[in-house]
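As a plain string of letters, each chain reads:
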Amino acid sequence: IEPKLSGDFAKLMEWADGVRRMKVRANAETPLDAETARKFGAEGIGLCRTEHMFFDPARIGAVRQMIMAEHEDGRRAALAKLLPFQRSDFTELFRIMAGLPVTIRLLDPPLHEFLPHTEEEIAEVAVGLGVEASAMQRRAADLSEANPMLGHRGCRLGISYPEIYEMQARAIFEAAIAVAKETGTAPIPEIMIPLVMSKRELDITRGQVEGIAAQVFAEAGTTIEYMVGTMIELPRACLTADSIAESADFFSFGTNDLTQTTFGLSRDDAGKFLPAYVEKNIIPKDPFVSIDPEGVGALVKIAAKKGRRVKPGLKLGICGEHGGDPASVQFCETVKLDYVSCSPYRVPVARLAAAQAALDSAGRTDRTA
Ligand code: PEP
Ligand code: MG
């Protein structure tokens, strides 16, 4: 589908944009997604999932070495191979987004997706790292997890292996400085830390990012503005959002994981029994599509209130799939989020839903006035 809004539909969208309060961004990590998002009227990228960039056949070998290396030296050698790729990924995104906000989430893979699985893959990693294949077999077994979605992912990975986030931060700052020089418009990267459950995690990872920023700025003889914020996607993060806010420039609600962890319901296996639950009205709607106001919604409200109590201007967004669901967008307006972020093709729907939500909320205010 050629992403183009024309005729009456374009006019309708223009009216919608005139009334909506919330901004609409897109979840995008490829240049094509970013271009599509812009054509559909996205006002920024709300979530760039960097792990998706690492599966490219030209990179996956180095990615496996980075994860499998038993020592920092091996990890650093693999990361040095990945740095130019990441730098060009971010350069392209910054160019396309031309000064609009770009939220880049640091690596958040379930680790098993990056582990070598076949004998051949294990042998390749062993050759790359210059170690015995048997050592890599043991390492793969050590790293494998019974429950990867609740395991060594998100900022936990960045805390165990700080070099990974340092490489990504370097790539982001170098790309932003290059694009600022080239175009005269400085991108303002919003660096986002995933799966945070405590202020301390954010302080550690934020410290890593700030350290790299200082290094890159000194090397380049220039600086750029940037923000460091966090995903709020665990119930504990919602309940401690006041202390987390002290270290965050923004929050973005990851309602996919928040739904998973609030219901204790696997994102990947929900289909097995959820339809029966919806049919029997135990759960009114699929909670992975529409925000459940009593559970996930209540946690979002608590987090927004606690965060803004500590930092009144704290920027709040949502980047889970719910950001493109009209009923959930309506809910986001009641919490007064600053933006919703959704897949590029849902941007027009989100723009309309945000306008409808703004009208409804104004109507409610008028009626109660
Ligand atoms: C989320 O959890 O809602 C989210 C946006 O992150 P991901 O889907 O990549 O886990
Ligand atoms: Mg998530």
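About the cut-offs
Positions within a chain are numbered from 1, following the residues in the order the chain's sequence is written. Chains and ligands are labelled by the order in which they are written, letters from A for the one and numbers from 1 for the other. A pLDDT threshold of at least 70 governs which residues receive local features in this predicted model, and a stricter bar of 80 or more applies before side-chain atom pairs are shown or counted, although totals over entire chains, interfaces and linings include all residues. Remark: hydrogens and water are excluded; side-chain values derive from all non-hydrogen atoms of the structure. For the purposes of this entry, the term helix denotes a DSSP run of H or I that reaches at least four residues, the term strand denotes a run of E that reaches at least two, and both are numbered from the N terminus. Only protein chains enter the accessibility calculation, which uses a 1.4 Å probe; a residue whose area is less than 20% of its type maximum is buried, one above 50% is exposed, and one in between is partly exposed. By definition, residues are in contact when any of their heavy atoms lie within 4.5 Å. Strands are treated as partners if at least two bridges between them are detected by DSSP. Think of each axis as a best-fit line through the C-alpha atoms, taken over the contacting stretch in the case of a helix, with angles from 0 to 180 degrees between the N-to-C directions. Crossover handedness is defined here as right-handed if the route from the first strand over the helix to the second strand goes clockwise, with the strands pointing away from the viewer. Only N, O and S atoms count as donors, using a 2.8 Å limit from the metal and a wider 3.2 Å limit for Na, K and Ca, and since water is excluded some coordination spheres may look unfilled. Only heavy atoms are used to decide nearness, and a residue is near a molecule or strand if one of them lies within 4 Å of it. Pairing of N or O atoms within 3.5 Å defines a polar contact, subject to two protein rules: one partner must be a possible hydrogen donor and the other a possible acceptor, and residues neighboring in sequence count only if both atoms are side-chain atoms. For every accessible area listed, the method is Shrake-Rupley and the probe measures 1.4 Å; residues are considered covered only by the protein chains on display. Grid spacing is 1 Å over the protein atoms alone, the probe is 1.4 Å, and a cavity is where that probe fits but cannot get out, while a pocket is an open set with protein on both sides within 12 Å along at least five of seven lines and lining residues have an atom within 4 Å of a point. Any molecule with more than half of its atoms within 2 Å of a cavity's or pocket's grid points is regarded as sitting in that cavity or pocket. Residues are grouped as follows: nonpolar covers Ala, Val, Leu, Ile, Met, Phe, Trp, Tyr, Cys and Pro; charged covers Asp, Glu, Lys and Arg; every other residue, Gly included, is treated as polar. By definition here, a helix of n residues has an expected span of 1.5 Å times n minus one. Note: the arc covers the axis-to-C-beta directions of the helix.

**Focus on the overall build of the chain**
A count of helices and strands for the chain gives 16 helices and 8 strands. With respect to the three principal axes, the spread of C-alpha positions in the chain is 70 × 55 × 45 Å. Counting every position in the chain, which comprises 369 residues, the buried fraction comes to 52%. Intrachain contacts of the chain at a sequence separation of at least 6 include 74% that bridge at least 24 residues.

**Overview of the sheet that holds strand β4 (residues 189–193)**
With parallel pairing, the 8 strands of this closed barrel are ordered in space as β1-β2-β3-β4-β5-β6-β7-β8. Adjacent strand axes in the sheet meet at a mean angle of 25 degrees when their direction is disregarded. Strand direction decides the pairing type here: β4 and strand β5 (residues 227–232), joined by 4 bridges, are parallel. Residue pairing in the sheet places Ile193 in a bridge with Thr230 of β5.

**Observations regarding the pairing of strand β7 (residues 315–318)**
Note that strand β6 (residues 250–253) and β7 share 4 bridges and pair parallel. Counted as the bridge partner of Phe253 is Ile318 from β7. Judged from the 2 bridges that link them, β7 and strand β8 (residues 339–342) form a sheet pairing that is parallel. Bridged to Gly317 within β8 is Tyr339. Once the chain exits β7 it traverses helix α15 (residues 326–334) before rejoining the sheet at β8, and the crossover so formed is right-handed.

**A look at the coordination of the magnesium ion (ligand 2)**
Binding of the magnesium ion (ligand 2) to the protein goes through Glu233 (OE) and Asp257 (OD), at separations of 2.0 to 2.1 Å. Here Asp257 lies in helix α12 (residues 255–263) and Glu233 lies in the loop between β5 and α10 (235–239), a separation of 24 residues in the sequence. Accessibility expressed as a relative area gives 2% for Glu233, which makes it buried.

**A word on the site of ligand 1**
Around ligand 1 there are 13 residues in total, and Arg49, Arg105, Gly254, Asn256 and Arg267 lie nearest to it. In this structure, an oxygen atom belonging to ligand 1 sits 2.7 Å away from a side-chain N or O atom of Arg49. In this structure, an oxygen atom belonging to ligand 1 sits 2.8 Å away from a side-chain N or O atom of Arg267. In isolation ligand 1 has 280 Å² of accessible area, and contact with the protein removes 95% of it. Put simply, ligand 1 lies in the largest pocket. For the shell around ligand 1, the secondary-structure elements that each account for two or more residues are β2 (45–49) and α12. Counting residues per element, the shell around ligand 1 draws most heavily on α12, which supplies 3 residues. Residue composition of the shell around ligand 1, by class: 3 nonpolar, 4 polar and 6 charged.

**Quick word on helix α9 (residues 199–220)**
Across its 22 residues, α9 extends 31 Å between first and last C-alpha, which sits within 8% of the 32 Å expected from 1.5 Å per residue. Those residues of α9 lying buried are Glu201, Leu202, Thr205, Arg206, Gln208, Val209, Ile212, Ala213, Val216 and Phe217. End-on view of α9: buried residues confined to an arc of 160 degrees, all on one side of the axis. Exposed side of α9, more than 90 degrees from the buried face: Arg200 and Ala218 are the residues found there. Buried residues along α9 sit in contact with α7 (155–160), α8 (162–183), β4, β5 and α11 (241–245). Directly beyond the C-terminal end of α9, a positive phi value near 65 degrees is found at Gly221.

In short, geometric facts, not functional conclusions.
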